[in-house]
Amino acid sequence: MEVHSPGPLRALCERLSGEGGREILRYLIAGVLTTLFNLVFFAVITAIFGMEHRHIFNVVDIILSIFVAYLLNRIYVFRSREKLLAEFIRFFSSRILISLLFEVGGFWFLYDFCGLKGTILGSDFHWAKALTQVFVVVGNYLVGKLFVFVSKSKKMSPVIRQLSLIHISEPTRRYAI
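What this report covers is the structure whose coordinates are included nearby. The structure displayed is predicted, hence computed values, not measured ones.

**What about the pattern of salt bridges?**
Thought 1: In total, this model carries 5 salt bridges according to the counting rule given.
Thought 2: In this structure, Lys129 and Asp61 form a salt bridge, with 3.4 Å as the shortest nitrogen-oxygen distance. Taken together, the residues span a long stretch of sequence, with Lys129 in helix H5 (residues 127-148) and Asp61 in helix H3 (residues 54-77) at a distance of 68 residues.
Thought 3: Classification of Lys129 as buried rests on a relative accessible area of 1%.
Thought 4: One salt-bridge network, held together by shared partners, links Asp61, Glu103 and Lys129.

The following block contains the structure:
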């Protein structure tokens, strides 16, 4: 018996069509809103005070963005009902770790070390700051899904099941990749 697999785009659409896919879409929307807040706040504060204290402004920006992200993720993305304080501590500590790694370290690496000091279309939006956001979004989703917003009643989230590379087809026990 020959097994045909759907094309890669169709397979991806099928995997993302369930609740897990809607969660990823909600995460992307929340991530875009948080990233816009992050970039706009940084652009405004550095436009007012200049880039001399950019590292301090970046840290303030990160902390405010973490608060915005927590609210969006708790209420809109993961629709969490877990205990607020414990969840917030996990969220905040994981976001600080990701931010230190990618936003502070990545921004220093790109802006100061690599010399990527250009702005986007002559505005106050810096390419180095914008590029760090890609790594921040991916890292934050993975940590949030696997570590922060984990309900005690769930063994495996629908997103992790949908994104798994290998799954077993129940009726025939065929392995599909």
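**Section: unusual backbone geometry**
Thought 1: The backbone of Arg79 sits at a positive phi, close to 50 degrees, despite the residue not being glycine.
Thought 2: Tracing the backbone through its elements, the reader meets Arg79 in the loop between H3 and helix H4 (84-113).
Thought 3: The exposure class assigned to Arg79 is partly exposed, which follows from its relative accessible area of 47%.

Basis of the calculations
All residue numbers here refer to positions counted from 1 along the written sequence of the relevant chain. This being a predicted model, a pLDDT of at least 70 is required before a residue's local features are given, and a value of 80 or more before pairs of side-chain atoms are given or counted; all residues contribute to the totals for chains, interfaces and linings. Note that water and hydrogens are dropped before the side-chain values are worked out from all heavy atoms of the structure. By convention in these notes, a salt bridge is any Lys or Arg side-chain nitrogen within 4 Å of a carboxyl oxygen on Asp or Glu. Helix numbers and strand numbers start at the N terminus; a helix is a DSSP run of H or I with at least 4 residues, a strand a run of E with at least 2. With a 1.4 Å probe rolled over the protein chains alone, any residue whose accessible area is under 20% of its type maximum counts as buried; one over 50% counts as exposed, and the rest are partly exposed.

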